[in-house]
Amino acid sequence: MLVKFHCATCNAKLSAETNAVSEGTTCPRCGAPIQIPTVTVGPGVVVDGFQIDRCIGHGGMGDVFLATQLSMNRRVAFKVLSPTFAANPELVERFNNEMRILANLNHPNIVTALKAGNDQGVHYLAMLYVDGEATDALVDMHGPFSEQEALRVGSEI
């Protein structure tokens, strides 16, 4: 996993793999000793070629981020399994099963899975990003759907 950070002395923009040994590392610009920060998945972090931009949602098993797939320069929804769940093999398998099921679905009203994997213990699923409001957010903002609207939405689902 690639982390981006700044030198505390000269403010140079730096990046390093999180598994890099930081002992004795120095800033290439000013020579000051630097410590590669420990990483949690969040803005600026690159996970397996996906740069995290911002959090867009929280689910039962983790967070969903807006990210950029660097190789394709496209926006994606990037679902990350919570570290608490990632420590449990049963829950990792459940997450992986969800990925396999989504990968085999092909329908205009179901988001497309692009890539899934594990980068240094970070289990993720990248999906096409669909800009818009979630159904539950619409209900929270405007109240329950009318019968006609509920039937229209239900028929699309």
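I will try to describe carefully the structure that is included in this document. Note that the coordinates shown come from a computational prediction; the quantities given were computed from them, not determined experimentally.

## With respect to the environment of methionine 61
Thought 1: With respect to the helices and strands, methionine 61 occurs in the loop between strand 4 (50-58) and strand 5 (62-69).
Thought 2: On the basis of relative accessibility, which here comes to 11%, the residue methionine 61 falls in the buried class.
Thought 3: Excluding its chain neighbours within four sequence positions, the residues that come into contact with methionine 61 are Val80, Leu81, Ser82, Phe85, Leu91, Arg94 and Phe95.

## Considering the pattern of salt bridges
Thought 1: Here the structure, examined in full by the defined rule, presents five salt bridges.
Thought 2: The salt bridge involving lysine 79 is made with glutamate 98; its shortest N-O contact spans 2.6 Å. Residue lysine 79 is found in strand 6 (residues 74-81), and its partner glutamate 98 is found in helix 2 (residues 89-103); the two are separated by 19 residues along the sequence.
Thought 3: Among the salt bridges present, the one from arginine 100 reaches glutamate 93, with a minimum N-O distance of 2.4 Å.
Thought 4: Look at arginine 100 and you get partly exposed, because its relative accessible area is 41%.
Thought 5: By relative accessible area, glutamate 93 is classed as partly exposed at 41%.

Conventions we followed
Residues numbered from 1 in each chain as written. Predicted model: local features only at pLDDT ≥ 70, side-chain atom pairs only at ≥ 80, totals over all residues. Heavy atoms only, no water. Helix = DSSP H or I, 4+ residues; strand = E, 2+ residues; numbered from the N terminus. Buried < 20%, exposed > 50% of the residue type's maximum accessible area, 1.4 Å probe, protein only. Contact = heavy atoms within 4.5 Å. Salt bridge = Lys/Arg side-chain N within 4 Å of Asp/Glu carboxyl O.

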